[in-house]
Amino acid sequence: MNQEIFKNTVFVLKDEMYRFAKRFLVSSDEAEDLVQDLMLKFWQKKDELVHLNLKSYVLKCVKNECLNKLKHETVKQNFADFQLHRNELYKMETNNLKEKILEFINALPEKQKLVIHLKDVEEYEVSEISEILEIEENAVRVNLMRARQKVKEQINNLLAFENRKIQNI
């Protein structure tokens, strides 16, 4: 694989890799660093990538690298601090429903968060998500259904809360 082919096949996936990594790591800088490191590894293995389903392979690599990174104690602590900060932000009043929905999605269990992101944000098919996350297609559907139900419940609760506040004014 030469530089031009690498650029047109692997390098074009960098934005998608970044978004996927950011779902795990939360930090933009860490996600960027991870993608850069992976790109270097992919370039070093460029001849081995020729016969692979690149998109699936690349996202699996991102997932595995992110999980390894999260095992590091400092990152765990930063993530815990972010969760605490996010809970404080949740208590603050906002009128931005999109922001609230993203908060609801980020509060989901990890598999549900990844499945809803890949399906509803990245627009992957269930079969592709199954391959990327290495779980059964039925498990993808169940996690997606549960994630959407939880987000819908939280939106309904938020709207009911806002309606009660408006009526009390």
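These figures come from a predicted structure and were not determined experimentally.

Chemist: Any chance you could explain the overall build of the protein chain here in plain terms?
Modeler: Each helix and strand in the protein chain was counted, giving nine helices and zero strands. The linear arrangement of helices and strands in the protein chain, starting from the amino end, is α-α-α-α-α-α-α-α-α. Each of the 169 residues in the protein chain was classed as buried or not, and the buried ones make up 33%. Of the contacts made within the protein chain by residues no fewer than 6 positions apart, 68% connect residues no fewer than 24 positions apart. Summed over its atoms, the accessible surface of the protein chain is roughly 10900 Å², and 51% of this surface lies on carbon and sulfur atoms.

Chemist: Looking at this structure, I do not really get the side chain of N143. What am I missing?
Modeler: Secondary-structure assignment places N143 in helix 9 (residues 137-168). Its relative accessible area of 13% is what places N143 among the buried residues. Leaving out residues up to four positions away in the same chain, N143 has contacts with K111, Q112, V115 and I135.

Chemist: How should the environment of M39 be read in this particular structure?
Modeler: With respect to the helices and strands, the residue M39 is situated in helix 3 (residues 28-44). A residue is classified by how much of its surface remains accessible, and M39, at 10% relative accessible area, is buried. Separated by 28 residues in sequence, M39 and F11 place their C-alpha atoms 7.4 Å apart. Excluding anything up to four places from it in sequence, M39 contacts F6, V10, F11, K14 and M17.

Chemist: Would you take a moment to explain helix 7 (residues 110-121) for this structure?
Modeler: Each full turn of the α-helix corresponds to 3.6 residues, which orients residues three or four apart in the same direction. The end-to-end C-alpha separation of helix 7 is 15 Å, in line with the 16 Å expected for twelve residues at 1.5 Å each. Every buried residue belonging to helix 7 is among Q112, K113, L114, V115, I116, H117 and L118, and all of these are buried. Following helix 7 by one or two positions, E123 has its phi on the positive side, about 60°.

Chemist: Help me understand the nonpolar core in this model?
Modeler: One recurring pattern in soluble globular proteins is that nonpolar side chains are buried together. Within the largest apolar cluster, 41 residues are counted, with the highest numbers of intra-cluster contacts made by M17, F20, F42, V62 and L133. At the level of elements, helix 2 (14-25), helix 3, helix 4 (54-71), helix 6 (97-106), helix 7, helix 8 (126-133) and helix 9 are the ones that each hand at least two residues to this core. A per-element tally of this core places helix 4 first, with seven residues. Look past the residues within four positions of F20 in its chain and what remains in contact with it is L59, V62, K63, L114, H117, L118, I132 and L133.

Chemist: Can you help me understand the packing of aromatic side chains in this one?
Modeler: To describe a pair of aromatic rings, one takes the distance between the centres and the angle between the planes. Tallied over the full model, the rule gives three aromatic pairs. Aromatic pair F20 and F24: ring centres 5.5 Å apart, planes at 85°, arrangement edge-to-face. Here the residue F20 and the residue F24 both occupy positions in helix 2, the gap between them amounting to four residues, near one helical turn. Here F20 and F24 have matching classes, each one buried. With centroids separated by 6.0 Å and ring planes inclined at 50°, the aromatic side chains of F42 and Y57 adopt a geometry described as tilted. Of this pair, F42 sits in helix 3 while Y57 sits in helix 4, and the two are 15 residues apart along the sequence. Under the relative-accessibility criterion, F42 is labelled buried at 2%. Classification of Y57 as partly exposed rests on a relative accessible area of 24%. A cation over a ring is seen here: K46 above W43, with NZ or CZ 4.3 Å from the ring centre.

Chemist: Would you explain the confidence of the model for the protein chain in this entry?
Modeler: Interpretation of this model should avoid reading the predicted coordinates in detail wherever pLDDT is low. Confidence along the protein chain averages 83 in pLDDT terms, with 86% of residues attaining 70 or more. Across the protein chain, the secondary-structure element scoring lowest on mean pLDDT is helix 5 (residues 73-91), at 64, and the one scoring highest is helix 8, at 92.

What counts and how
- Along every chain, residues carry numbers that run from 1 in the direction the sequence is written.
- Under the rules for a predicted model, residues below a pLDDT of 70 receive no local features and side-chain atom pairs below 80 are neither given nor counted, while totals for whole chains, interfaces and linings still include all residues.
- Think of the side-chain values as coming from all heavy atoms in the structure, minus any hydrogens and water.
- Segments assigned H or I by DSSP are reported as helices when at least four residues long, segments assigned E as strands when at least two residues long, and all are numbered from the N terminus.
- Think of it in three bands: residues with accessible area under 20% of the maximum for their type are buried, residues over 50% are exposed, and the middle band is partly exposed, with areas taken using a 1.4 Å probe on protein chains only.
- What makes two residues a contact is simply this: any of their non-hydrogen atoms within 4.5 Å.
- For every accessible area listed, the method is Shrake-Rupley and the probe measures 1.4 Å; residues are considered covered only by the protein chains on display.
- How far a helix is expected to stretch is found by multiplying one less than its residue total by 1.5 Å.
- Note on terminology: a nonpolar core comprises buried Ala, Val, Leu, Ile, Met, Phe, Trp, Tyr and Cys residues joined through side-chain atoms within 4.5 Å.
- Side-chain rings of Phe, Tyr and Trp (the six-membered ring for Trp) are treated as a pair once their centres are within 6.5 Å; stacked means planes under 30 degrees apart, edge-to-face means over 60, and tilted covers the remaining angles.
- Charge-over-ring contacts are defined here by two conditions on Lys NZ or Arg CZ: a distance within 6 Å of the ring centre and an angle within 35 degrees of the ring normal.
- Values of pLDDT, ranging from 0 to 100, describe the predictor's confidence in every residue of the model.

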